[in-house]
Amino acid sequence: MENILLDTSSHPHIAIITINRPKQLNALNRATIEELSSALDDLNGNQDIRCVILTGSGEKAFVAGADIKEFAAFTVEEGRMLSAEGHQKLFNKVELMRKPVIAAVNGFALGGGLELAMSAHIRVASDNAVLGLPEVSLGVIPGYGGTQRLPRLVGSGKALELICTAGKMSAEDAKQWGLVNDVVSQEELLNTAIGMAQKIARQSPTAVAFALQAVRAGYAHEASGRQAEIEAFGKCFGTADFKEGTEAFLEKRKPSFEGK
Ligand code: DAK
């Protein structure tokens, strides 16, 4: 695998997946999504693994979002299809895992990066982490479950403030809002996640899997919400605002939106 590192041997029963594109701030391109998807399938079927930790390479970013260079030229249909595919290949797959997934958020978790962390069952963050959904600044909406999972975690008022202002949150604020469970220094982050994973690994794997299933059952109504997100996300790709938003990012300038 070229874009992720997988460690299943350093700690008994624990797998650590590291997204490894530090020069692009671990932005999620299609190849990375495919590799994550395949690693998660393997780990889900691996009886020896009882907890999975997901983190980013380097000191700056967990994941700075979907790879903007890759989706800048998408059409409405491509946007809709890829959003649906992303849900199925990665974001829902994380949430549907039979063993807990802990996101160790070691820096920027923006857009698809925060959406990935929110798909995980538990989140811990380093004190330099910055979390947010900046999609509307690019002329799109969160397309990988963010419109459904953020309100569930922080309440709809705070979620809509973050989404509609393209706002960002510090790790401490995220803790206050219940978006992350704990904030520690960057040096302590992985060990904190490993400590939590070790506690999980000492419990009954069957009972833990049933607990995940029972909690998830309460999210059932989100399926139609996610479908609405997919449709709306696709439509963004037909707007002039989307073209302007992504071009502005790639040209390193501020966008000027006309609402078309
Ligand atoms: N995509 C691609 N490259 C990225 C990136 C991203 N999301 N984020 C950073 N990079 C790249 C930068 O372009 C830069 O590359 P070079 O110019 O050096 O080649 C390198 O990483 C270092 O970034 P910066 O130079 O910008 O570093 P700074 O410390 O100055 O700033 C930053 C860090 C995180 C504040 C900044 O990089 C930034 O604002 N990044 C973008 C954050 C963002 O808007 N993320 C995307 C959110 S939208 C889809 C489904 C879902 C989505 C999209 C499509 N489909 C189904 C099609 C979701 C969309 C999103 O996630």
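What counts as what
- Residues numbered from 1 in each chain as written.
- Predicted model: local features only at pLDDT ≥ 70, side-chain atom pairs only at ≥ 80, totals over all residues.
- Heavy atoms only, no water.
- Helix = DSSP H or I, 4+ residues; strand = E, 2+ residues; numbered from the N terminus.
- Expected span 1.5 Å × (residues − 1).
- Buried < 20%, exposed > 50% of the residue type's maximum accessible area, 1.4 Å probe, protein only.
- Arc of directions from axis to C-beta.
- Contact = heavy atoms within 4.5 Å.
- Pairing = 2+ DSSP bridges.
- Axes fitted to C-alpha atoms, helices over the stretch in contact; angles between N-to-C directions.
- Near = heavy atom within 4 Å.
- Polar contact = N/O pair within 3.5 Å; in protein donor to acceptor, adjacent residues only side chain to side chain.
- 1 Å grid on protein atoms, 1.4 Å probe; cavity = no way out; pocket = protein on both sides within 12 Å on 5 of 7 lines; lining within 4 Å.
- Sits in = over half its atoms within 2 Å of the grid points.

**Re helix α9 (residues 205-217)**
Here is step 1 of the chain: For α9, which comprises 13 residues, the first-to-last C-alpha distance of 18 Å matches the rise-based estimate of 18 Å (1.5 Å per residue) to within 8%.
Here is step 2 of the chain: Within α9 the residues assigned to the buried category are V208, L212 and R216. Here the buried residues of α9 occupy an arc of 75 degrees about the axis, which is enough to place them on one side. More than 90 degrees from the buried face of α9, the exposed residues found are T206, F210, A214 and A217.
Here is step 3 of the chain: The secondary structure elements touched by the buried residues of α9 are α3 (76-95) and α8 (186-201).

**Considerations on the sheet that holds strand β2 (residues 14-19)**
Two pairing modes exist for strands in a sheet, parallel and antiparallel, and in both the strands are linked by backbone hydrogen bonds.
Here is step 1 of the chain: Taking strand neighbours across the sheet as the criterion, the 6 strands line up as β1-β2-β3-β5-β7-β10 in an open arrangement whose pairing is mixed. Of all the strands in the sheet, just β1 (4-7) and β10 (182-184) have a single pairing partner and so form its edges. Pairwise comparison of adjacent strand axes, ignoring direction, gives a mean angle of 20 degrees for this sheet.
Here is step 2 of the chain: One ladder, built from 4 bridges, connects strand β5 (residues 101-105) with strand β7 (residues 122-126); its direction is parallel. Paired with A103 across the two strands is R123, which belongs to β7.

**Focus: the site of the ligand**
Here is step 1 of the chain: Close contacts around the ligand come from 27 residues, with K60, A64, A66, S83 and G112 the closest.
Here is step 2 of the chain: Between the ligand and K252, the relevant distance is 3.0 Å, taken from an oxygen atom to a side-chain nitrogen or oxygen of the residue.
Here is step 3 of the chain: In this structure, the ligand is accommodated by the largest pocket.
Here is step 4 of the chain: Taken together, the elements giving at least two residues each to the shell around the ligand come down to α2 (68-71), α3 and β6 (108-110).

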